[in-house]
Amino acid sequence: MRISYHFHQGVIAAVILAAGTAAAQAGATHGAPSANLDVYRLGYTATHFYRQEHSFDSQKGWINGIDLQKLYIGNHFYYDSDLGYSAGSAHYDGGVQYVNPNTGQVGSQPYSTSIDEKLLTSHVDMGPVFRLAGGRDAIVPFIGIGVRYHYDHTSTGRVTAPGFGSAPVAASRDDRLQAQARFGAMDRFAITRRLGLELKGLATYNFYGRLSNTQYSGNYKGHDWGYVGSATADYQLTRVLGIYARASYTRVHTSRIQLSQTFYEPSASSGVTRLTVGAQAHF
């Protein structure tokens, strides 16, 4: 009987210890759902890039990348910093201008090739937190600043034009740098203690832009607007680990850039769709 008594005492103690360990691992998942969040996120990003100049000149395709984010939503303060990088090969459809040696007139011939794309984006957003539904919902108006760098490069090709024959097309390289002010709002809602949904919308204002290529460089003359919309769902697996998925769309317009007396970069519109999945560490 003594052995049985001590055995049952040991079993009960082990059960209590296991329950305590499970509760400690669950941690923040106990209690009422809360919109508060303090995480680092690292994810893989599939990016569809599209850029349109005129009605006939475009570059588009899927490129791959990574995304690193620090997100803090407290009782009173919101902070979001993000760094994303994507690179890969896209497709270029456009035209090559040439001078017809027989007539002296300038013509254009359709031209298609692959184009190497690199896209680097970064931002920092901050704002006050307004809590609703007993802390389950957090609404944040915010302001921020962002940087956008876009690089593309095409290799040497060839084109055949009437009256001109076959001729080489020189390689091209463009570097575009933009600095943006950001204004928007974010809403995070705790669906359950583990599952959250985050919606974010904002406008961007390009207060600085510069283009450089193999021959020329110049500043953007206009101060152009754009917009961003995103939806993020995250799920907390343990006290410190979680997963997330995000879909976002960015629209950017750039004005014409006069590079010299005769050469210019035409105005263009760009659309970027990003699909991101990754892991997050909770603090």
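You'll find the structure just up there.
To start, this report covers the structure provided alongside it. (Residues numbered from 1 in each chain as written. Predicted model: local features only at pLDDT ≥ 70, side-chain atom pairs only at ≥ 80, totals over all residues. Heavy atoms only, no water.)

**Points about the overall build of the protein**
Part 1 of the argument: Scanning the protein from N- to C-terminus turns up one helix and 16 strands.
Part 2 of the argument: Expressed as a percentage of its 283 residues, the buried residues of the protein come to 41%.
Part 3 of the argument: A separation threshold of at least 6 residues defines the contact pool for the protein, and within that pool the share at least 24 residues apart is 64%.
Part 4 of the argument: Counting only carbon and sulfur atoms, one obtains 63% of the accessible surface of the protein, whose full area is about 15000 Å². (Helix = DSSP H or I, 4+ residues; strand = E, 2+ residues; numbered from the N terminus. Buried < 20%, exposed > 50% of the residue type's maximum accessible area, 1.4 Å probe, protein only. Contact = heavy atoms within 4.5 Å. Areas by Shrake-Rupley, 256 points an atom, 1.4 Å probe, with all protein chains shown as cover.)

**Regarding the pairing of strand 12 (residues 225-236)**
Part 1 of the argument: Along strand 12, the buried face is formed by Gly226, Val228, Ser230, Thr232, Asp234 and Gln236; none of Trp225, Tyr227, Gly229, Ala231, Ala233 and Tyr235, which line the opposite face, is buried.
Part 2 of the argument: Across eleven bridges, the pairing between strand 10 (residues 195-213) and strand 12 is antiparallel. If you follow Glu198 over to strand 12, its bridge partner there is Thr232.
Part 3 of the argument: As defined by bridge partners, strand 12 adjoins strand 13 (residues 241-254) across eleven bridges and the pair is classed as antiparallel. Following the sheet pairing, Tyr235 is matched in strand 13 by Ile243. (Pairing = 2+ DSSP bridges.)

**Digging into the environment of Gly31**
Part 1 of the argument: Following the sequence through the fold, Gly31 ends up in the loop between helix 1 (2-26) and strand 1 (37-53).
Part 2 of the argument: For Gly31, a relative accessible area of 46% translates into the label partly exposed.
Part 3 of the argument: Separated by 162 residues in the primary sequence, Gly31 and Arg193 have C-alpha atoms spaced 7.5 Å apart.

**A look at the side chain of Asp82**
Part 1 of the argument: Assignment of secondary structure puts Asp82 in strand 3 (residues 77-99).
Part 2 of the argument: Of the buried charged residues, Asp82 lacks a salt bridge, with Arg246 as the closest side chain of opposite charge at 4.4 Å.
Part 3 of the argument: Asp82 has contacts with Asp67, Leu68, Gln69, Thr121, Ser122, His123 and Arg246, leaving out every residue within four places of it along the chain. (Lys, Arg positive; Asp, Glu negative; His and termini not counted. Salt bridge = Lys/Arg side-chain N within 4 Å of Asp/Glu carboxyl O.)

**Let's talk about a nonpolar patch on the surface**
Part 1 of the argument: Taken together, the side chains of Leu42, Ile66, Leu68, Leu83, Tyr85 and Leu120 present a nonpolar region at the surface, about 550 Å² in accessible area.
Part 2 of the argument: The set of elements that each furnish at least two residues to the nonpolar patch consists of strand 2 (57-73) and strand 3.
Part 3 of the argument: Note on placement: Leu120 falls in strand 4 (residues 106-128).
Part 4 of the argument: Given a relative accessible area of 34%, Leu120 falls into the partly exposed group. (Patch = residues over 30% accessible without salt bridge, like charges linked within 9 Å, V, L, I, M, F, W, Y side chains within 5 Å.)

**Observations regarding the nonpolar core**
Proteins that are soluble and globular tend to have nonpolar side chains buried together.
Part 1 of the argument: Leu71, Ile73, Tyr78, Val129, Val140, Phe142 and Met186 are the most contacted members of the largest nonpolar core, which has 13 residues in total.
Part 2 of the argument: Elements supplying a minimum of two residues to this core: strand 1, strand 2 and strand 6 (137-154).
Part 3 of the argument: No other element matches the three residues that strand 6 contributes to this core.
Part 4 of the argument: Residues contacting Val129, with those up to four places away along its chain left out, are Ile73, Gly74, Asn75, His76, Phe77, Tyr78, Ala138, Ile139 and Val140.
Part 5 of the argument: Counting residues in each nonpolar core, the second largest holds seven residues, with Val96, Ile115, Val159 and Val169 among its members. (Core = buried A, V, L, I, M, F, W, Y, C linked by side-chain atoms within 4.5 Å.)

**Remarks on unusual backbone geometry**
Part 1 of the argument: Although it is not a glycine, Ala133 adopts a positive phi angle of roughly 55°.
Part 2 of the argument: Within the element layout of this structure, Ala133 appears in the loop between strand 5 (130-132) and strand 6.

**What about the pattern of salt bridges?**
Part 1 of the argument: What the rule picks out here adds up to ten salt bridges.
Part 2 of the argument: Where Glu198 meets Arg41, a salt bridge forms, and the shortest distance between an N and an O atom there is 3.7 Å. Of this pair, Glu198 sits in strand 10 while Arg41 is found in strand 1, placing the two residues 157 residues apart along the sequence.
Part 3 of the argument: Classification of Arg41 as buried rests on a relative accessible area of 1%.

**A look at the packing of aromatic side chains**
Part 1 of the argument: Scanning all chains against the criterion turns up four aromatic pairs.
Part 2 of the argument: Look at Tyr205 and Trp225: their rings are 5.0 Å apart centre to centre, the planes differ by 50°, and that puts the pair in the tilted class. Taken as a pair, Tyr205 in strand 10 and Trp225 in strand 12 lie far apart in primary sequence, 20 residues in all.
Part 3 of the argument: Here Tyr205 falls in the partly exposed class, since its relative accessible area comes to 25%. (Phe/Tyr/Trp six-rings, centres within 6.5 Å; stacked < 30°, edge-to-face > 60°.)

**Some details on the side chain of Asn206**
Part 1 of the argument: Along the chain, Asn206 falls in strand 10.
Part 2 of the argument: At a separation of 3.0 Å, a polar atom in the side chain of Asn206 contacts the side chain of Gln180.
Part 3 of the argument: If we skip the residues at most four places from it in the chain, Asn206 touches Gln178, Ala179, Gln180, His223, Asp224, Val252 and His253. (Polar contact = N/O pair within 3.5 Å; in protein donor to acceptor, adjacent residues only side chain to side chain.)

By themselves these figures say nothing about function.
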